[in-house]
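Structural description and commentary
Here is what each chain is made of, one letter per residue.
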Amino acid sequence: MPHRTLIRNARVALPGGVARTSVLIEDGIIAGVDAARHARADELVDATGLHLLPGVIDDQVHFRDPGLTHKEDLRTGSRACAAGGVTSFLEMPNTVPQTITVDALAAKLELAARRSVVNYGFYMGATTGNLDELCRAGRTSGVATPGIKIFIGSSTGNMLVDDQECLEAIFAETTLPIAAHCEDEGTVRANRARLTGPLTVHDHSRIRDHKAAITATLRAIDLAERHRHRFHVLHVSTADEVQIIADHNRIIAHHDRIITAEACPHHLFFDTSDYDRLGTLAQMNPSLKTAADRDALWRGLKEGAIQIVATDHAPHTREEKAVPYPGSPSGVPAVEVFLPLMLNEVNRGRCTLEDVAAWMCDRPARIWDIVGKGRIERGYDADLVLVDMEKQQVVRNEDQRCKSGWSPWHGSRLRGWPVRTWVGGRTVFEDERVETEAVGREIMFDRKRGGYWATGD
């Protein structure tokens, strides 16, 4: 028999704006918005004083599963998501083994079905020799993927793809949307060769400098434009990239635009001055840039050059991060504090709740053609997060549910926190308790939608 939950008196982030209304959930689906106050329900949730948002979709995480599970795994990462209001994630392919074949993708989906508390999807990874598998992924039924991930710089093993002939073939012959890590490997190596003497973490931003990011982003956009291939710029880090993407979208007719982009919280909240305070805990790829670059990312979000925010959650153990630079690995954990960081900015007046719902819920769903998610609307999946905009809490390493057990935001007091999260109508987080059962489902993608620009901005 269907289970019915009625959420009453919340301020609800709807596609048209925030309104005080009631939302009815039935059998995992949003059955009604502005439902009658006395509609029949098995559970009544009085949300007076709280806000109801669509569940957050994080399109860039590294949950290290399989093969690197001492850092994170699908169970710990997805439970941290649930506590942070993230109800769906898209995970990157640089695990062990790498997700570079359709069979490896299928195995990862099976693993997540047994371990993930929230909804999941997995990218196919590009190499210099797996073009047939990338094409096969676009044709194989029953094995869903959001798209292809290319490391144009900053990778290990055979996942670095900076050979022009290989890149041309991938953009020309595959059909899935492409996302890329854009740092020019030649520039990175030349910068490193020029530095002499002992290196410190401050040198990380000199090695992976503005030129490395800009060169690779220009190269990838050129490929996408010439081959008319949908392309998403991951973790934009420089003001110049924001301008390049904005110029592209001004010049190209609306219905022909194929370029989208994202920013990450570490680039939105940190800059090179934070190396003094955080050391290698602030080491990530792309590297931190200047305060002016950080401010440009916020402007890019507000003005629409950058469409979404994602974490690039990339945990390492504290022992690994404590190794002196350059032996220390790049990456930071973020999924559990992702939404609170942005809600805190709403309270500070930097953005609105409508902005957050667009950047973190609706637009990721449209960029990746995700079916039934990203909005509070009748017929959509009941992936929801109830937040208390007045709740204040200090981020502490010892409270983190991520396996790595630390946060670069340790000690930060944030106002605005999730208090309850639903995945498919089922509560997965409430009263600081997180679901332990694997209730998440495989995300489905509808390629007929045509992407973000096809459905408006």
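Figured I'd write up the structure that's included with this text. For clarity, every value in this text was computed on a predicted model and none was experimentally measured. (Residues numbered from 1 in each chain as written. Predicted model: local features only at pLDDT ≥ 70, side-chain atom pairs only at ≥ 80, totals over all residues. Heavy atoms only, no water.)

A short note on the sheet that holds strand 13 (residues 259-263)
Heads up, the rule is: Strand pairing is assigned whenever DSSP identifies at least 2 bridges connecting the two strands. Helical segments are the DSSP runs of H or I of at least four residues, strand segments are the runs of E of at least two, and each set is numbered from the N terminus.
Within the open sheet, the six strands sit side by side as 9-10-11-12-13-14. Their pairing is parallel. Each of the sheet's edge strands pairs with one partner strand only, and the pair in question is strand 9 (124-125) and strand 14 (308-309). Inspection of the sheet shows strand 9 paired to strand 10 (residues 148-152) by two bridges, in the parallel sense. Note that in strand 10 the partner of Gly125 across the bridge is Lys149.

Quick word on the pairing of strand 6 (residues 56-61)
A regular strand places its side chains on the two faces of the sheet in alternate fashion. To be explicit about the condition: Working definition: with a 1.4 Å probe on protein chains only, accessible area under 20% of the residue-type maximum means buried, over 50% means exposed, and in between means partly exposed. If you view a crossover with the strands going away from you and the path from the first strand over the helix to the second runs clockwise, you call it right-handed.
The buried fraction of strand 6 amounts to six of the six residues, a majority that puts the element mostly inside the structure. By the bridge criterion, four bridges tie strand 6 to strand 7 (residues 86-91) in an arrangement that is parallel. In the sheet register, Val56 faces strand 7, and the bridge partner there is Val86. Viewed along the sheet, the connection from strand 6 through helix 1 (residues 74-83) into strand 7 turns out right-handed.

Describing the nonpolar core
Test applied: Nonpolar cores were defined as sets of buried Ala, Val, Leu, Ile, Met, Phe, Trp, Tyr and Cys residues, with membership established by side-chain atoms within 4.5 Å. Pairs of residues are marked as contacts when any of their non-hydrogen atoms sit within 4.5 Å.
If you look at the biggest cluster of nonpolar residues, it comprises 106 residues, and the most contacted ones within it are Phe89, Ile150, Phe231, Leu339 and Met360. Among the elements that make up this core, the one with the highest residue count is helix 7 (residues 210-227) (seven residues). Residues within four places of Phe231 in sequence aside, it is in contact with Phe171, Ile178, Ala179, Ala180, Cys182, Ala220, Ile221, Ala224, Ile258, Ile259 and Thr260.

Here we look at helix 5 (residues 185-194)
Rule in force here: Our arc is simply the arc of the directions from the helix axis toward the C-beta atoms.
Looking at helix 5, one finds that the buried residues are Glu185, Thr187, Val188 and Asn191. Across the axial projection of helix 5, the buried residues extend over an arc of 165°, all falling on one side. Helix 5 presents Arg189, Ala193 and Arg194 as exposed residues on the side facing more than 90 degrees away from its buried surface. Turning to helix 5, the residues buried within the fold contact helix 6 (204-207) and helix 7.

Remarks on the sheet that holds strand 7
Going by this rule: Convention adopted: a line fitted to C-alpha atoms gives each axis, helices being fitted over their contacting stretch, and angles between N-to-C directions are expressed from 0 to 180 degrees.
Here we have three strands laid out as an open sheet, ordered 6-7-8, and parallel in their pairing. One side of each edge strand has no neighbouring strand; the edge strands of this open sheet are strand 6 and strand 8 (119-122). Direction aside, the axes of adjacent strands within the sheet are offset by 20° on average. Note that strand 7 and strand 8 share four bridges and pair parallel. Each bridged residue has a counterpart across the sheet, and for Ser88 the counterpart in strand 8 is Asn119. The sheet strands contacting helix 2 (residues 102-115) are strand 7 and strand 8, and the helix crosses strand 8 at an angle near 165°.

Some words on helix 1
To keep things clear, this is the line we draw: Distance and chemistry together define a polar contact, namely a pair of N or O atoms within 3.5 Å, with one atom able to donate a hydrogen and the other to accept it when in protein, and with adjacent residues in sequence counting only for side-chain atoms on both sides.
The element helix 1 is extensively covered by neighbouring structure, given that eight of its 10 residues are classed as buried. Residues of helix 1 that are buried: Leu74, Thr76, Gly77, Ser78, Ala80, Cys81, Ala82 and Ala83. As for helix 1, its buried residues are in contact with strand 7, helix 2, strand 8, strand 16 (413-423), strand 17 (426-430) and strand 18 (433-434). For helix 1, the side-chain oxygen to backbone nitrogen distance between the N-cap and Arg75 is 2.9 Å, and the N-cap itself is Asp73. Looking one or two places after helix 1, you find Gly85, whose phi comes out positive at around 80°.

A short note on the environment of Thr5
Tracing the chain through its elements places Thr5 in strand 1 (residues 4-14). The exposure class assigned to Thr5 is buried, which follows from its relative accessible area of 1%. Sequence separation of Thr5 and Ala39 is 34 residues, and the distance between their C-alpha atoms is 9.6 Å. When neighbours within four sequence positions are excluded, Thr5 is seen to be in contact with Val23, Leu24, Ile25, Ala41, Glu43 and Val45. At 3.4 Å, the side chain of Thr5 forms a polar contact with the side chain of His3.

Looking at the packing of helix 13 (residues 338-348) against helix 14 (residues 353-367)
What counts, and what does not: Each angle gets one of four labels, with under 35 degrees taken as roughly parallel, over 145 as roughly antiparallel, 65 to 115 as roughly perpendicular, and the rest as oblique. We call a crossing left-handed when the near helix sits turned anticlockwise from the far one by less than a right angle, and right-handed when that turn is clockwise.
Across the interface, helix 13 lies against helix 14 with an axial gap of 9 Å and an inter-helix angle of 150°. Between helix 13 and helix 14, the crossing angle belongs to the class labelled roughly antiparallel. Note that helix 13 runs across helix 14; the crossing there is right-handed. For the pair formed by helix 13 and helix 14, the contact residues are Phe338, Leu339, Met342, Leu343 and Val346 on the first element and Leu353, Val356, Trp359 and Met360 on the second.

Quick word on the packing of aromatic side chains
Heads up, the rule is: Two aromatic rings, drawn from Phe, Tyr or Trp (for Trp, its six-membered ring), form a pair once their centres lie within 6.5 Å of each other, and the interplanar angle then sorts them: stacked below 30 degrees, edge-to-face above 60, tilted otherwise. We call a charge positioned above a ring when the Lys NZ or Arg CZ atom is no farther than 6 Å from the ring centre and deviates by at most 35 degrees from the ring normal.
If you walk through the whole model with that rule in mind, you get nine aromatic pairs. Summarising the aromatic geometry, the rings of Phe63 and Phe89 are spaced 4.8 Å apart at their centres and angled 70° between planes, so their arrangement reads as edge-to-face. A residue pair is termed long-range when its members are at least 10 positions apart, and Phe63 in the loop between strand 6 and helix 1 and Phe89 in strand 7 qualify at 26 residues. Here the two residues Phe63 and Phe89 agree in accessibility, since each one is buried. Ring centres of Tyr120 and Phe122 lie 6.1 Å apart, and the angle between their planes is 40°; this geometry places the pair in the tilted category. Exposure class is identical for Tyr120 and Phe122. Each is buried. Counting every residue linked through ring pairs, the aromatic cluster contains Phe63, Phe89, Tyr120 and Phe122. Over the ring of Phe151 we find Lys149; its NZ or CZ atom is 3.8 Å from the centre of that ring. Across from the ring centre of Trp298, 4.2 Å away, lies the NZ or CZ of Arg350, which sits over that ring.

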